[in-house]
Every structure is written in structure tokens, then in C-alpha cells.
Amino acid sequence: MRKFSLNVKALSVVVTTLIILVISVLLATVVVYYAVNVTSTRVQEESLYISKVHVWVNATGGWSQAALVIINVGGRDVLLDKIAVRGQECQWNNVYYWVTRDITVSADLNFTGTPLTGDTVNLKNSSVFTYGDGIFTRASGDLALKAGYTMVIYIMNPDSISIKDVGVTVGVTVFTANAQYYKECNIEAVIS
């Protein structure tokens, strides 16, 4: 049988523990540094604030209209992919928009009284919209909204809204590439 020498040199328990502790601290530091780096690059996140949502039905004319205000309160520009009322996508040629950076839209939105038609509509002349020039442009595709800007949207004849829906709660959803923003309102009847 072989006899083991007791003179073998090795690391003590204290030194081994210190080495493991230092490696653990270094790994934790690297993980924390990586997490801070990842989160700091995403500081500018998308955030939309939707307010003044209305859906109206013209009781005598047989047409409907929706309106809402979207404020980009986030740090990055966004692209509005689609707008849905009661789960039904609104066609862009039925969407009219007005954009501002300097004007705060504080008053509630009003029903226009007449159907929106054409490539541009001046709602200031009809005293429906009293901000800026009041000229709304018909959308032809996805809408870009810069950070810090406000967009007012009117939608003609959102799908599946009729006079029988008056008083029913309906959802309006704004879709972007990264998120969905949902608001509810009651369908209102108007007579023009």
C-alpha cells in the first residue's frame, strides 16, 4: 500500500473561499452592468395618451362618426397602423386628422353635423373645431405622430355602428407597431 505524503502543498480553505467570492462578485457586476445598459437604451419608449373619445350616430341621416385625441407623450415617434371601432378596422379613406405641436386641445370634440367628404375638410368654418387652422386631411395610409405632438382624428362611418347601438359601450383601439391603446365610450345619438 502506498503512503500519502502529508507535505503536499494546497490552497487553504480561506483562500479558496476568497477566490469563489471574488468570482461571484465579478459575475454579478457584469450582469448588473448588462442590465443597466439594456434598460438605458430603451429609455425612450412609446407612449400614447388617448382622450375625448366619442362615437355618434346621426338619428336622421343614417350615418355615424367617431372622434378622438391622441397625444404622443413618449420619447419616440410612432406610426399608427390602424384604428378599430368595436373591433372593426376603419378604412383610412374614412379617417380625417389634424396635427399640432404647440396647441393644447382642451375643449371636448363636437359632432360635425355633416358627413366629412373630400381630401380636406375645414371644421373651423363650421365652428366645430376652434383650434389652429381647423383643416383636417384625409388619411391615405398609416399615420406618423412625432413625440410631443397631438393628433385629432375624426372617422366617418366606423363599421358596425347603427342607431340601434345608442347607449351601448363601444371600444376604440389604436394600433401601433409595438402596442394597442384601448378606450371605451358610449354611443351617442345626435340629430342634425
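All chains use their own residue numbering, which begins from 1 and follows the written sequence. Totals for whole chains, interfaces and linings use all residues, but because this is a predicted model, local features are given only for residues with pLDDT of at least 70 and pairs of side-chain atoms are given and counted only at 80 or more. Excluding hydrogens and water, the side-chain figures rest on all heavy atoms present in the structure.

Engineer: So what exactly am I meant to see when it comes to the overall build of the protein chain here?
Structural biologist: Counting secondary structure elements, the protein chain contains 1 helix and 11 strands. Computation of the radius of gyration draws on C-alpha atoms, with the globule rule given as 2.2 Å multiplied by the number of residues to the power 0.38. Computed over its C-alpha atoms, the radius of gyration of the protein chain comes to 29 Å, more than 25% above the 16 Å expected for a compact globule of 192 residues. The dimensions of the protein chain, computed from C-alpha atoms along their principal axes, are 110 × 35 × 25 Å. Accessible area is worked out with a 1.4 Å probe on protein chains only. A residue is then buried under 20% of its type maximum, exposed over 50%, and partly exposed in between. Here the protein chain holds 192 residues, and the buried ones make up 35% of them. Note on contacts: a residue pair is in contact if any heavy atoms of the two residues lie within 4.5 Å. A separation of at least 24 residues holds for 71% of the contacts in the protein chain among residues at least 6 apart in sequence. Residue burial considers only the protein chains on display, and all accessible areas are found by Shrake-Rupley using a 1.4 Å probe. On the protein chain, roughly 11,800 Å² of surface is accessible, and the fraction owed to carbon and sulfur atoms is 56%. Positive charges come from Lys and Arg, negative ones from Asp and Glu, while His and the chain ends are left out of the count. To locate a charge, the coordinates of NZ of Lys, CZ of Arg, CG of Asp or CD of Glu are taken. The averaged location of the 14 negative side-chain charges in the protein chain is 18 Å from the averaged location of its 14 positive side-chain charges. Strands are runs of DSSP state E lasting at least 2 residues, helices are runs of H or I lasting at least 4, and numbering of each runs from the N terminus.

Engineer: What should I look at first to understand the packing of aromatic side chains in this one?
Structural biologist: One pair of aromatic rings is described through two measures. These are the centre distance and the angle between the planes. Ring geometry is summarised as follows: Phe, Tyr and Trp rings, the Trp one being its six-membered ring, pair when their centres sit within 6.5 Å, and such pairs are stacked at plane angles under 30 degrees, edge-to-face over 60 and tilted between the two. Tallying each qualifying case throughout the model produces 7 aromatic pairs. When the centroid spacing of 5.1 Å and the interplanar angle of 80 degrees are considered together, the rings of phenylalanine 129 and phenylalanine 136 count as edge-to-face. Here phenylalanine 129 matches phenylalanine 136 in class, with each residue buried. A network of ring pairs unites the aromatic residues Trp56, Trp63, Trp98, Phe111, Phe129, Tyr131, Phe136 and Tyr154 as a single cluster.

Engineer: What exactly am I supposed to notice about unusual backbone geometry here?
Structural biologist: Most peptide bonds are trans, and most residues other than glycine sit at a negative phi. Of note, the phi angle at lysine 52 is positive, near 55 degrees, even though the residue is not glycine. On the secondary structure map, lysine 52 appears in strand β1 (residues 48–58).

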